[in-house]
Amino acid sequence: MAWFLGFDTSNYKTSAGLYDSQTGQSKNLGRFLEVPEGALGLRQSDALFQHVRHLGQVVEELMDGLDRQPIAAVGYSSRPRCQQGSYMPCFLAGEMAARTLAGALGVPAFAFSHQQGHIASALWSADKLHWRQKPFLSWHISGGTTELLRVEPEGDGMLHAQIIGGTQDAAAGQIIDRAGVALGLPFPCGAHLDALAGSHDAIRPFVPKMQGASFSLSGLENKFRQLLSHGQPPEEVAAFVLRSVAEVVARATQWAQAEYQLPVLFSGGVTASTQMQRRLAACGTVCFAQGGCNGDNAIGPALLAALAKGAIS
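For clarity, every value in this text was computed on a predicted model and none was experimentally measured. (Residues numbered from 1 in each chain as written. Predicted model: local features only at pLDDT ≥ 70, side-chain atom pairs only at ≥ 80, totals over all residues. Heavy atoms only, no water.)

Trainee: Explain the overall build of the chain to me, and be specific about the residues and the numbers.
Mentor: Regarding its fold elements, the chain presents 9 helices and 12 strands. For 313 residues, the compact-globule estimate of 2.2 N^0.38 gives 20 Å, and the C-alpha radius of gyration of the chain, at 19 Å, lies within 12% of that figure. Expressed along its principal axes, the backbone C-alpha trace of the chain runs to roughly 60 × 45 × 35 Å. Counting across all 313 residues of the chain, residues that qualify as buried make up 52%. Residue pairs at least 24 apart in sequence account for 68% of intrachain contacts in the chain once pairs closer than 6 positions are excluded. A distance of 5 Å separates the average location of the 23 positive side-chain charges in the chain from that of its 25 negative side-chain charges. (Helix = DSSP H or I, 4+ residues; strand = E, 2+ residues; numbered from the N terminus. Rg over C-alpha atoms; globule rule 2.2 N^0.38 Å. Buried < 20%, exposed > 50% of the residue type's maximum accessible area, 1.4 Å probe, protein only. Contact = heavy atoms within 4.5 Å. Lys, Arg positive; Asp, Glu negative; His and termini not counted. Charge placed at Lys NZ, Arg CZ, Asp CG, Glu CD.)

Here you go:
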């Protein structure tokens, strides 16, 4: 047995994870960053500071109670996407920890994008890791990203993602967080908004104009604020926001399936919503991340490190 260690220090969560390529055993620990009540996020300097403060404790808790097996390699998220100019300072915390540990242990450290980690952990958790051997479609829907990707394999088992659709302005997670904060819910608001919405579906969803699989979500914020100003019950507003996001994503998915004839993977914290999954499950050959791998995690970088080392066939 040899562990592969992963780090992901996204804008709102400090994560460390372990993956064993021989047994498939894994463990992930994450800690949300502290966001002041009523705020819609953190400055990058504040996020970076909290990651540095959290990382030692998260790693100690991750290793607690485990047999100390050799670590074969370390993977980490170094940037949001595999695109030129994609950069966020908060990922420096995970990079520092990963490269320091790898140097001390004499093992390689592999850099991946946060998005690659999401896709990898979603495939693995849904028992669809074999999808990586051929092209497929993947949504990455989170607090800062709403992108439909055409994913195909490249060298050393890695994943190349090309954007083919998604939002042209605000991300779905941003709209959900803004709605949640307006309703007095804790930030990040996705799980709380989903719980508030329950199975309520009385209000017809808002669907923006679409061009293929591309759309704008800024109009949805105006709509939910109108509902709030007219005294609409909170649970109806919550359901309206989630159903609207689910509907436009479903329509974009159906367009892409007709265009590309490929299966679709859903990753990112927003896709954990029961409202979302209920609507999107009707879109044909689709699968969702399981077991907490929807949201930010470090299983993805650990798994990709195992792929890079050739430990997974």
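We are not done yet, so read on.
Trainee: Got a sec to walk through the sheet that holds strand 5 (residues 109-113)? Specific residues and values, please.
Mentor: Adjacent strands of a sheet pair through backbone hydrogen bonds, lying either parallel or antiparallel. Ordered by their spatial adjacency, 5 strands build an open sheet running 3-2-1-4-5, and the pairing between neighbours is mixed. Among the strands making up the open sheet, the edge pair consists of strand 3 (26-32) and strand 5. Geometrically, the sheet is characterised by an average inter-axis angle of 15° between neighbouring strands, direction not taken into account. Two elements, strand 1 (residues 3-9) and strand 4 (residues 71-79), share 5 bridges in a ladder whose sense is parallel. Looking across to strand 4, one finds that Phe4 is bridged to Ala73. Set on the sheet, helix 3 (residues 114-125) makes contact with strand 1, strand 2 (13-20), strand 3, strand 4 and strand 5; between it and strand 5 the angle comes to about 95°. (Pairing = 2+ DSSP bridges. Axes fitted to C-alpha atoms, helices over the stretch in contact; angles between N-to-C directions.)

Trainee: Talk me through the side chain of Lys13; I want residue IDs and the actual numbers.
Mentor: Inspection of the secondary structure puts Lys13 in strand 2. The buried charged residue Lys13 lacks any salt bridge, with Asp296 as its nearest oppositely charged partner at 6.9 Å. Excluding residues that lie within four positions of it along the chain, Lys13 makes contacts with Asp8, Gly30, Arg31, Phe32, Leu33, His51 and Asp296. (Salt bridge = Lys/Arg side-chain N within 4 Å of Asp/Glu carboxyl O.)

Trainee: Requested: an account of the pattern of salt bridges, with residues and values cited.
Mentor: Oppositely charged side chains can pair when the atoms bearing their charge come close. Following the criterion strictly, the structure yields 8 salt bridges and no others. In this structure, Glu152 and Arg150 form a salt bridge, with 2.7 Å as the shortest nitrogen-oxygen distance. For Glu152, a relative accessible area of 30% translates into the label partly exposed. Residue Arg178 is joined to Glu221 by a salt bridge in which the shortest nitrogen-to-oxygen separation is 2.9 Å. Here Arg178, found in helix 4 (residues 172-182), pairs with Glu221, found in helix 6 (residues 218-229); they are 43 residues apart in sequence, far enough to count as distant. The class of Glu221 is buried, set by a relative accessible area of 17%.

Trainee: Please give an account of the packing of helix 4 against helix 6 that cites residues and values.
Mentor: Interhelical geometry of helix 4 versus helix 6 gives an angle of 15° and a closest axis separation of 10 Å. Put simply, helix 4 runs roughly parallel to helix 6. Two packed elements cross with a definite hand, and for helix 4 against helix 6 that hand is right-handed. Touching Ile175, Arg178, Ala179 and Ala182 of helix 4 are Leu220, Glu221, Phe224, Arg225 and Leu228, all from helix 6. Its residues assigned to classes, the contact of helix 4 with helix 6 comprises 6 nonpolar, no polar and 3 charged. (Parallel < 35°, antiparallel > 145°, perpendicular 65-115°, else oblique. Left-handed = near helix turned anticlockwise from the far one by under 90°. Nonpolar A, V, L, I, M, F, W, Y, C, P; charged D, E, K, R; others polar.)

Trainee: Mind laying out the packing of aromatic side chains, listing which residues take part and the relevant values?
Mentor: Summed over the entire model, instances satisfying the criterion amount to 6 aromatic pairs. Centroid distance Tyr19 to Trp124: 6.0 Å. Interplanar angle 85°. Geometry classified as edge-to-face. In this pair, Tyr19 sits in strand 2 while Trp124 sits in helix 3, placing the two residues 105 residues apart along the sequence. Classification of Trp124 by relative accessible area gives partly exposed; the value is 23%. Seen from their ring centres, Trp131 and Phe136 are 6.0 Å apart, and the 50° between their planes marks the pair as tilted. (Phe/Tyr/Trp six-rings, centres within 6.5 Å; stacked < 30°, edge-to-face > 60°.)

Trainee: Give a description of helix 4 that names residues and reports values.
Mentor: Within helix 4 the residues assigned to the buried category are Ala172, Gly173, Ile175, Ile176, Asp177, Ala179 and Gly180. Along its buried surface, helix 4 packs onto strand 6 (136-141), strand 7 (146-153), helix 5 (190-197), helix 6 and helix 7 (234-260). Looking one or two residues past helix 4, Gly184 carries a phi angle of roughly 80°, positive in sign.

Trainee: Any chance you could break down the sheet that holds strand 9 (residues 210-211) for me, citing the residues and the numbers?
Mentor: Taken together, 7 strands build an open sheet; the order of strands is 9-10-8-7-6-11-12 and the sheet is mixed. Because the sheet does not close on itself, it has two edges, and the strands there are strand 9 and strand 12 (286-288). Pairing of strand 11 (residues 264-267) with strand 12, which is carried by 3 bridges, proceeds in the parallel orientation. Residue pairing for strand 12: Phe266 is matched across the bridge by Phe288. Strand contacts of helix 7: strand 6, strand 7, strand 8 (159-167), strand 9, strand 10 (214-215), strand 11 and strand 12, with the helix running at about 160° to strand 6, the strand carrying the most contacts.

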